[in-house]
Amino acid sequence: MQLFTCPFCGPRDETEFQFATEAGKTRPEPAAEVSAERWAKYLYMKDNPKGPTREIWLHVTCGEFFALERDTVSHAVTGSMALGSDL
Ligand SMILES: [Zn+2]
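How each quantity is defined
Residues numbered from 1 in each chain as written. Predicted model: local features only at pLDDT ≥ 70, side-chain atom pairs only at ≥ 80, totals over all residues. Heavy atoms only, no water. Core = buried A, V, L, I, M, F, W, Y, C linked by side-chain atoms within 4.5 Å. Buried < 20%, exposed > 50% of the residue type's maximum accessible area, 1.4 Å probe, protein only. Helix = DSSP H or I, 4+ residues; strand = E, 2+ residues; numbered from the N terminus. Contact = heavy atoms within 4.5 Å. Polar contact = N/O pair within 3.5 Å; in protein donor to acceptor, adjacent residues only side chain to side chain.

### A closer look at the nonpolar core
- Among the nonpolar cores identified, the biggest contains six residues, and these are Phe-4, Cys-6, Phe-17, Trp-57, Phe-66 and Leu-68.
- Of all the elements in the fold, those that place two or more residues in this core are β1 (3-6) and β5 (64-71).
- When residues no more than four places from it in sequence are discounted, the contact partners of Trp-57 are Phe-4, Phe-17, Gln-18, Phe-19, Ala-20, Glu-64, Phe-65, Phe-66, Leu-68 and Arg-70.

### Here's the deal with the environment of Glu-55
- For Glu-55, the position within the fold is in strand β4 (residues 52-59).
- Once you skip the residues sitting within four places of it in the chain, Glu-55 turns out to touch Phe-19, Thr-21, Glu-22, Ala-23, Phe-66, Ala-67, Leu-68 and Arg-70.
- Of note is the side chain of Glu-55, whose polar atom sits 2.9 Å from the side chain of Trp-57.

### Things to note about the environment of Arg-38
- With respect to the secondary-structure elements, Arg-38 resides in helix α1 (residues 36-44).
- Between the C-alpha atom of Arg-38 and that of Glu-16, which follows or precedes it by 22 residues, the distance is 32 Å.

Here it is, written out as structure tokens:
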């Protein structure tokens, strides 16, 4: 079992959380003019970095999205914060 810290609720079991997307990913615009290939890449392709990464997660219990910094190799969580604030 691993604990993630929701910035709104505090430490909780990882089973309460769901990965949403990589942080810093921007939606291609204007969406109506984006090719199907580029749109599919935006929706489904992830960089999947090895090591420290910043991601957007959902705490399913409270319904809040937030930024989570973790290491994909060691699984260490190094920070979490509400979206729109600095980590
Ligand atoms: Zn929460």
